Amino acid sequence: MFKFSKRILSAAVSAIMLTSALGGCAGTANQTSSEAAAPSEAVSSAPAGGTRTVTDHAGNTIELPAEVNRIVISSIMPLPSVVALFDGAAEKVVGMDPSSMAAAKNSILPNIHPEILNATTDFLKDGNLNIEEVLKLKPDVVFYSADNTADYESLTKAGIPAVGFSTSKFKFNTVETFDNWVTLLGEVLGQADTAKQIADYGYQVEDEVTSVIKAAGDSIQKPKVLILFRYDNGTIKTSGSNFFGQYWLDTTGAENVAKDLKGQAEINMEQIYQWNPDMIYITNFSPYQPDDLYNNSIEGFDWSKVKAVQDKKVYKFPLGMYRWFPPASDTPLAMKWLATKNQPELFKDVDMEKEVKEYYKRFYHYDLNEDEMYQIFHPSSEASGLKK
């Protein structure tokens with residue numbers, strides 16, 4: 001059962017004072033005290049003449065039109081869901097990555113914002129920007145991965161404002177990364193107050209989860225967990241020590257069997273047999289489902305020897321507005337879900353279906369039906385954009 005720290009009590013008081021905003025929320029949303037939230041990474045100004053500037057996660061200062069009406073999202077795949085947290089922003093997205101679209105078509109996002117499916121993916125081919133196609137979309141701004149300097153150079157050379165969002169700058173802390181994405185989006189979209197409320201809620205949930213685990217002390221038994229980050233076409237990649245999976249498992253009371261590896265590390269079955277994990281999570285970047293492992297139906301891979309498979313403890317990450325593994329608009333829900341799986345006794349009072357329904361009602365102003373609830377917790381293989 002969640003226990004409230006002073007930070008969370010402060011958050012609750014603040015939330016009462018700020019019940020208005022949150023038009024379409026999800027990755028982190030509501031309130032903790034200012035000491036909990038990471039400092040804003042975005043700085044903006046609004047000079048005369050109908051333009052303003054923002055400073056992005058790459059440290060670049062970008063001049064934007066006073067009003068942003070057309071948005072292209074290139075190399076930062078979760079961002080369409082995060083943009084959809086802000087009032088009126090989803091309809092402004094005119095282009096997105098094909099993988100983002102694959103997730104969107106198999107998510108709840110178009111149920112809430114059907115216009116998001118009107119975006120094109122034609123400006124990207126194998127992850128490479130086609131500047132001529134981007135120009136045809138007449139974007140006011142392009143959002144890209146701050147680590148992709150080639151995209152920045154190509155876009156700025158073409159006279160297109162490009163704002164970088166980082167996945168690595170915040171040490172793969174999922175909540176802090178999401179906070180900074182939301183904060184920067186709030187600056188770009190002119191909705192800074194809404195952004196703060198969204199971002200603060202993630203810290204509240206993080207506080208709730210970590211306080212329960214900390215209170216359990218040394219008595220807690222942490223399961224050994226393997227994350228199948230990308231598993232397709234005969235290749236398995238896991239989440240090592242400097243990637244989001246490490247943060248997720250550390251925060252929710254589990255041990256990452258791949259902690260001695262770095263980033264998105266390629267592994268083989270022999271390594272998995274040595275680890276013999278108690279639990280396995282499959283992300284939605286892979287088309288495989290738990291049944292594929294239980295039925296041992298993947299050619300060339302024998303999963304029958306693995307403890308997690310024998311014990312039927314293989315779980316597919318849910319998919320709500322986007323895939324729940326990386327920072328995205330349902331990040332607080334992902335943390336609660338992982339806590340209930342990794343430490344079921346500590347979090348036995350958490351009803352995830354209730355949590356999800358309340359979250360969508362509160363932050364998206366949307367009532368999920370039973371079919372949609374099932375879809376979130378049983379995402380399709382097609383959401384990966386890959387074939388088995």
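Residues numbered from 1 in each chain as written. Predicted model: local features only at pLDDT ≥ 70, side-chain atom pairs only at ≥ 80, totals over all residues. Heavy atoms only, no water.

Draft legend 1. The arrangement of the overall build of the chain in detail. Regarding its fold elements, the chain presents 15 helices and 15 strands. By the burial criterion, 58% of the 388 residues in the chain qualify as buried. Once local pairs closer than 6 in sequence are excluded, the contacts in the chain between residues at least 24 apart make up 70%. Summed over its atoms, the accessible surface of the chain is roughly 16,300 Å², and 47% of this surface lies on carbon and sulfur atoms. (Helix = DSSP H or I, 4+ residues; strand = E, 2+ residues; numbered from the N terminus. Buried < 20%, exposed > 50% of the residue type's maximum accessible area, 1.4 Å probe, protein only. Contact = heavy atoms within 4.5 Å. Areas by Shrake-Rupley, 256 points an atom, 1.4 Å probe, with all protein chains shown as cover.)

Draft legend 2. Geometry of empty space enclosed by the protein. For the structure shown, the criterion picks out one cavity of 30 Å³ or more. Put simply, the largest cavity is a space of about 40 Å³. Contributing to the lining of the largest cavity are Met77, Pro80, Ser81, Met96, Ser100, Ala104, Leu109, Met321 and Tyr322. Residue assignment for the lining of the largest cavity shows that the elements contributing at least two residues are helix H2 (79-83) and helix H3 (98-105). Looking at the lining of the largest cavity residue by residue, the class counts come to seven nonpolar, two polar and no charged. (1 Å grid on protein atoms, 1.4 Å probe; cavity = no way out; pocket = protein on both sides within 12 Å on 5 of 7 lines; lining within 4 Å. Points joined across faces, edges and corners; volume = space filled by probe spheres on them. Nonpolar A, V, L, I, M, F, W, Y, C, P; charged D, E, K, R; others polar.)

Draft legend 3. Quick peek at the layout of surface pockets. Roughly 510 Å³ of volume is contained in the largest pocket. In terms of lining, the largest pocket is formed by 24 residues, of which the most central are Ser75, Met77, Thr167, Arg230 and Gln264. Classifying every residue of the lining of the largest pocket gives 14 nonpolar, six polar and four charged.

Draft legend 4. Representation of the pattern of salt bridges within the structure. Tallied over the entire structure, the rule returns nine salt bridges. One network of salt bridges, in which partners are shared, links Asp278, Lys307 and Asp311. (Salt bridge = Lys/Arg side-chain N within 4 Å of Asp/Glu carboxyl O.)

Draft legend 5. The packing of helix H8 (residues 192-216) against helix H13 (residues 331-342), seen in detail. Between H8 and H13, whose axes approach to 9 Å, the crossing angle comes to 15°. Considering the angle they form, H8 stands roughly parallel to H13. The way H8 lies across H13 gives a crossing that is left-handed. Contact residues: Tyr201, Gly202, Val205, Glu206, Glu208 and Val209 in H8; Pro332, Met335, Lys336 and Ala339 in H13. (Axes fitted to C-alpha atoms, helices over the stretch in contact; angles between N-to-C directions. Parallel < 35°, antiparallel > 145°, perpendicular 65-115°, else oblique. Left-handed = near helix turned anticlockwise from the far one by under 90°.)

Draft legend 6. Quick look at the pairing of strand S13 (residues 264-267). Burial along S13 is one-sided: Ala265 and Ile267 are buried, and none of Gln264 and Glu266, which face the opposite way, are. As paired strands, strand S11 (residues 235-239) and S13 are joined by four bridges and run antiparallel to one another. Paired with Lys237 across the strands is Glu266, a residue of S13. (Pairing = 2+ DSSP bridges.)

Draft legend 7. Main features of the nonpolar core. Leu79, Phe143, Val163, Tyr281, Val356 and Tyr360 are the most contacted members of the largest nonpolar core, which has 87 residues in total. Here the element with the most residues in this core is H8; it accounts for 10 residues. Sequence-distant contacts of Tyr281, that is, excluding residues within four places in its chain, are made with Val225, Leu226, Ile227, Leu228, Leu249, Tyr315, Phe317, Trp337, Leu338, Lys341 and Asn342. Of all hydrophobic cores here, the second largest spans 21 residues; its members include Tyr231, Ile282, Leu293 and Ile298. (Core = buried A, V, L, I, M, F, W, Y, C linked by side-chain atoms within 4.5 Å.)

Draft legend 8. Geometry of the confidence of the model for the chain. Predicted confidence across the chain gives a mean pLDDT of 88, with 87% of residues reaching 70 or more. Within the model, the stretch residues 1-49 combines pLDDT values under 50 with 144 contacts to residues more than four positions away or in other chains. (pLDDT = per-residue confidence, 0-100.)

Draft legend 9. Up close: the packing of aromatic side chains. Enumeration over the complete set of coordinates arrives at 25 aromatic pairs. Ring plane angle 85° and centroid distance 5.6 Å describe the contact between Phe317 and Phe325, whose orientation is recorded as edge-to-face. The same class applies to Phe317 as to Phe325, namely buried. Stacked on the ring of Tyr294, the Lys or Arg Lys312 has its end atom at 5.0 Å from the ring centre. (Phe/Tyr/Trp six-rings, centres within 6.5 Å; stacked < 30°, edge-to-face > 60°. Lys NZ or Arg CZ within 6 Å of the ring centre and 35° of its normal.)

Draft legend 10. A look at H13. Between its first and last C-alpha, H13 extends 17 Å over 12 residues, near the 16 Å set by a 1.5 Å rise per residue. Among the 12 residues in H13, 11 count as buried, and that is most of the element. Regarding H13, the residues found buried are Thr331, Pro332, Leu333, Ala334, Met335, Lys336, Trp337, Leu338, Ala339, Thr340 and Asn342. (Expected span 1.5 Å × (residues − 1).)

Draft legend 11. Representation of the sheet that holds strand S5 (residues 93-95) within the structure. Taken in spatial order, the four strands of this open sheet run S5-S4-S8-S9, and their pairing is parallel. The two strands at the open ends of the sheet, each matched to only one other strand, are S5 and strand S9 (162-165). Going across the sheet, the axis of each strand differs from the next one's by a mean of 35°, ignoring polarity. Inspection of the sheet shows strand S8 (residues 141-145) paired to S9 by four bridges, in the parallel sense. Each residue of the ladder has a partner; that of Phe143, found in S9, is Val163.

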